[in-house]
Amino acid sequence: ETGVTQTPRHLVMGMTNKKSLKCEQHLGHNAMYWYKQSAKKPLELMFVYSLEERVENNSVPSRFSPECPNSSHLFLHLHTLQPEDSALYLCASSQDRGETQYFGPGTRLLVL
Amino acid sequence: KQEVTQIPAALSVPEGENLVLNCSFTDSAIYNLQWFRQDPGKGLTSLLLIQSSQREQTSGRLNASLDKSSGRSTLYIAASQPGDSATYLCAVSSNQFYFGTGTSLTVIP
C-alpha cells in the first residue's frame, strides 16, 4: 500500500456517459497528479495540482475535467469520451512538485 | 522536449543472474531521476530516486546510477529472483516528470 487509493478500479462506459474517477492520498502531500497509461506508450502527464491549484494542463481534451477540492482528494470527471480514451488512469502524489511520487493502483477504463 | 528511452524493451534471464537495465534522456537539465516497478494491471511502486547532484543510490539488491552529463542511468539488480519479474520504468524530472516506455523483465525459476 502506497497511501494513495483510487476508485473505481475498473470502469466501462459508453461514449455518452458521464463518470468520475476519484483519488485520495493519506500522506499529507501537497502535489497530486493524473496520468494516462496506454499500451506501448509512455505514461502521459495530464494534470498537476499543487496546494489545490492546477499548475499544469498538458493540452488535455476538455472531455477530461479535473477537480481538486482539498489537498487529499483529486477527481477526474469524464464526459463524452472516445474509444481511444480507453487506458489505465493513474493518480500520484508527492510532498512537493518534483519529489518522489507515490502512485495509486489505477483505474482501468474501457470506453465502448 | 525531454525524451526518455529504455533499452531493452524486454529481458528474460534465469534466476540468480545479475542484470542491468538502461535509461537514457535527451536533456541533462534534470532535478532528479526515479526508477519504478509496475506489476501487470497495477500502479507504480517507487524503487529509487537519485537527485541530480548524486551519482548513485542503493536499496537492498538494487543499485541505480546517474550520469547526468551523458544523459544515462542504469538500474542494477543483483541475484535476480522470480519475484523481480515486472516492468521497470524510469522517469526524469525537469519541469515535469517524463517517463520511458519501460523494460519488461522476466526472471525464470
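Up top is the structure these notes are about.
Residues numbered from 1 in each chain as written. Chains lettered and ligands numbered in written order. Predicted model: local features only at pLDDT ≥ 70, side-chain atom pairs only at ≥ 80, totals over all residues. Heavy atoms only, no water.

1. Notes on the pattern of salt bridges
A pair can form between side chains of opposite charge whenever their charged atoms are brought close.
Step number 1: Under the definition given, this model contains four salt bridges over all chains.
Step number 2: Residues Arg-63 of chain A and Asp-85 of chain A are paired through a salt bridge, measuring 2.7 Å at the closest nitrogen-oxygen approach. Pair noted here: Arg-63 of chain A is in the loop between strand 6 (53–57) and strand 7 (64–70) and Asp-85 of chain A is in the loop between strand 8 (73–79) and strand 9 (87–94), with a separation of 22 residues, a long-range link.
Step number 3: Given a relative accessible area of 2%, Asp-85 of chain A falls into the buried group.
Step number 4: Where Arg-37 of chain B meets Asp-39 of chain B, a salt bridge forms, and the shortest distance between an N and an O atom there is 3.0 Å.
Step number 5: Residue classification places Asp-39 of chain B among the partly exposed residues on the basis of a relative accessible area of 25%. (Salt bridge = Lys/Arg side-chain N within 4 Å of Asp/Glu carboxyl O. Helix = DSSP H or I, 4+ residues; strand = E, 2+ residues; numbered from the N terminus. Buried < 20%, exposed > 50% of the residue type's maximum accessible area, 1.4 Å probe, protein only.)

2. Focus on unusual backbone geometry
Step number 1: Omega for the bond connecting Thr-7 of chain A with Pro-8 of chain A falls within 30 degrees of zero, at -10°, which places this linkage in the cis form.
Step number 2: Checked against the element boundaries, Pro-8 of chain A lands in the loop between strand 1 (4–7) and strand 2 (10–13).
Step number 3: With an omega dihedral of 0°, the bond running from Ile-7 of chain B to Pro-8 of chain B counts as a cis peptide bond.
Step number 4: Along the chain, Pro-8 of chain B falls in the loop between strand 1 (4–7) and strand 2 (10–14).
Step number 5: Positive phi outside glycine occurs at Leu-51 of chain A, with the angle close to 50°.
Step number 6: Among the secondary structure elements, Leu-51 of chain A is positioned in the loop between strand 5 (44–50) and strand 6.
Step number 7: By relative accessible area, Leu-51 of chain A is classed as exposed at 55%.
Step number 8: Although it is not a glycine, Glu-52 of chain A sits at a positive phi angle of roughly 70°.
Step number 9: Note that Glu-52 of chain A resides in the loop between strand 5 and strand 6.

3. Brief notes about the environment of Asn-70 of chain A
Residue and element names in this part refer to chain A.
Step number 1: Inspection of the secondary structure puts Asn-70 in strand 7.
Step number 2: Asn-70 sits 29 residues away from Lys-41 along the chain, and the two C-alpha atoms are 31 Å apart.
Step number 3: In terms of polar contacts, Asn-70 uses its side chain to reach the backbone amide nitrogen of Ser-72, at 3.0 Å.
Step number 4: A distance of 2.9 Å separates polar atoms of two side chains, one belonging to Asn-70 and the other to His-73. (Polar contact = N/O pair within 3.5 Å; in protein donor to acceptor, adjacent residues only side chain to side chain.)

4. Quick word on the sheet that holds strand 1 of chain B
All names here are of chain B.
Step number 1: Read across the sheet, five strands follow the order 1-3-8-7-6 without closing on themselves; strand pairing throughout is antiparallel. The sheet is open, and its two borders are formed by strand 1 and strand 6 (56–59), each paired with just one other strand. If you compare each strand with its neighbour and ignore which way they point, the axes differ by 15° on average.
Step number 2: With six bridges connecting them, strand 3 (residues 19–25) and strand 8 (residues 72–77) associate as antiparallel partners. Looking across to strand 8, one finds that Leu-19 is bridged to Ile-77. (Pairing = 2+ DSSP bridges. Axes fitted to C-alpha atoms, helices over the stretch in contact; angles between N-to-C directions.)

5. Observations regarding a nonpolar patch on the surface
Step number 1: A surface patch of nonpolar side chains, amounting to about 290 Å² of accessible area, comprises Val-12, Leu-110 and Leu-112 of chain A.
Step number 2: On the secondary structure map, Leu-112 of chain A appears in the segment after strand 11 (107–111). (Patch = residues over 30% accessible without salt bridge, like charges linked within 9 Å, V, L, I, M, F, W, Y side chains within 5 Å. Areas by Shrake-Rupley, 256 points an atom, 1.4 Å probe, with all protein chains shown as cover.)

6. Let's talk about the nonpolar core
Step number 1: Grouped together as the largest cluster of nonpolar side chains are 23 residues, with contacts concentrated most on Leu-33, Trp-35 and Leu-75 of chain B.
Step number 2: For this core, the secondary structure elements donating two or more residues are strand 3, strand 4 (32–38), strand 5 (44–51), strand 7 (62–67), strand 8, strand 9 (86–93) and strand 11 (103–108) of chain B.
Step number 3: Residues within four places of Leu-33 of chain B in sequence aside, it is in contact with Cys-23, Phe-25, Leu-48, Leu-49, Ile-50, Leu-66, Ser-73, Ala-91 and Val-92 of chain B.
Step number 4: In terms of nonpolar packing, the next biggest core, distinct from the first, is built from 22 residues, Leu-11, Met-13, Leu-74 and Leu-76 of chain A among them. (Core = buried A, V, L, I, M, F, W, Y, C linked by side-chain atoms within 4.5 Å. Contact = heavy atoms within 4.5 Å.)

7. A short note on the side chain of His-73 of chain A
Residues and elements named next belong to chain A.
Step number 1: With respect to the helices and strands, the residue His-73 is situated in strand 8.
Step number 2: Here Glu-24 takes part through its side chain, which lies 3.4 Å from a polar atom of the side chain of His-73.
Step number 3: Apart from residues no more than four positions distant in its own chain, His-73 is found in contact with Lys-22, Cys-23, Glu-24, Met-32, Glu-67 and Cys-68.

This is a description of form; function is not addressed.
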